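Chain residues, written in single-letter form:
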Amino acid sequence: MSEKPNEPKIVVDEDWKAQVAKEREQLKQQSRNEEPAAGEKLPPASLQILITTYATQALVSMGYIPDPMTKEPAVNRSLAKHFIDMLSVIEEKTKGNLDTEESTLLTETLHQLRMAFVASRSNSPTEGPAKPKSTIELP
């Protein structure tokens, strides 16, 4: 007897196989739909793109940029702080390994985001971000 009494039996039926094949096809179709259109090109991955991505998300979370889905400012200060903290981690972990342009971009972006965060905290949570006296200009 090769089968032990406590081992579970695995039964594979045709319905299961058909379901798996259907799910695989759906995933393939979904991945095709997520690829950029023929005319759209994604920029090459770079530190500048990473910094810009986190900075944009921080500004959206502070309400300076309207939420792309609702077209309304959505203030979430804890999320904004998280994105700023992520950039701080990048700054700390890459110290001494960046060229002058990258270092300047990261330092100035962090400074502008921190100042915007402080300005946004001076308002009540229902008012949204303060109308800045000058525009926020990221490097």
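Residues numbered from 1 in each chain as written. Predicted model: local features only at pLDDT ≥ 70, side-chain atom pairs only at ≥ 80, totals over all residues. Heavy atoms only, no water.

Please clarify how the packing of aromatic side chains should be interpreted in this entry.
The way to describe two aromatic rings as a pair is by their centre distance and the angle between their planes. Across all of its chains, the model carries one aromatic pair by this definition. Ring plane angle 45 degrees and centroid distance 6.0 Å describe the contact between Y54 and F83, whose orientation is recorded as tilted. Within this pair, whereas Y54 is found in helix α2 (residues 47-62), its partner F83 is found in helix α3 (residues 77-94), the two being separated by 29 residues in sequence. Of the two residues, Y54 and F83, both sit in the buried class. (Phe/Tyr/Trp six-rings, centres within 6.5 Å; stacked < 30°, edge-to-face > 60°. Helix = DSSP H or I, 4+ residues; strand = E, 2+ residues; numbered from the N terminus. Buried < 20%, exposed > 50% of the residue type's maximum accessible area, 1.4 Å probe, protein only.)

Any chance you could explain the nonpolar core here in plain terms?
Looking at soluble globular proteins, one finds that nonpolar side chains tend to be buried together. Membership of the largest hydrophobic core comes to 18 residues, with the highest contact counts inside it found for M62, I84, L87 and L113. Take this core: its biggest share by element is seven residues, from α2. (Core = buried A, V, L, I, M, F, W, Y, C linked by side-chain atoms within 4.5 Å.)

Got a minute to help me understand unusual backbone geometry in this structure?
If you check the backbone angles, K71 has positive phi at about 65 degrees while not being a glycine. Checked against the element boundaries, K71 lands in the loop between α2 and α3.

Can you help me understand the packing of α2 against helix α4 (residues 100-121) in this one?
The packing of two helices is summarised by the inter-axis angle and the distance between the axes. At their nearest, the axes of α2 and α4 sit 11 Å apart, and the two run at 5 degrees to each other. Classified by the angle between their axes, α2 and α4 sit roughly parallel to one another. Seen from α2, the contacting residues are L47, Q48, I51, A55, A58, L59 and M62; seen from α4, they are E101, E102, L105, L106, T109, L113, A116, F117 and S120. Taken together, the residues of the contact of α2 with α4 break down into 11 nonpolar, three polar and two charged. (Axes fitted to C-alpha atoms, helices over the stretch in contact; angles between N-to-C directions. Parallel < 35°, antiparallel > 145°, perpendicular 65-115°, else oblique. Contact = heavy atoms within 4.5 Å. Nonpolar A, V, L, I, M, F, W, Y, C, P; charged D, E, K, R; others polar.)

Would you take a moment to explain the confidence of the model for the protein for this structure?
Low pLDDT marks stretches whose predicted atomic positions should not be read closely. Across the protein, pLDDT averages 81, with 73% of residues at or above 70. Per-element confidence in the protein ranges from a low mean pLDDT of 75 for helix α1 (residues 14-34) to a high of 96 for α3. Between residues 124-134, whose pLDDT stays under 50, and residues either more than four places distant or in other chains, the model counts 14 contacts. (pLDDT = per-residue confidence, 0-100.)

Teacher, can you tell me more about the side chain of R77 here?
Positionally, R77 belongs in helix α3. Looking at R77, the relative accessible area reads 16%, which means it is buried.

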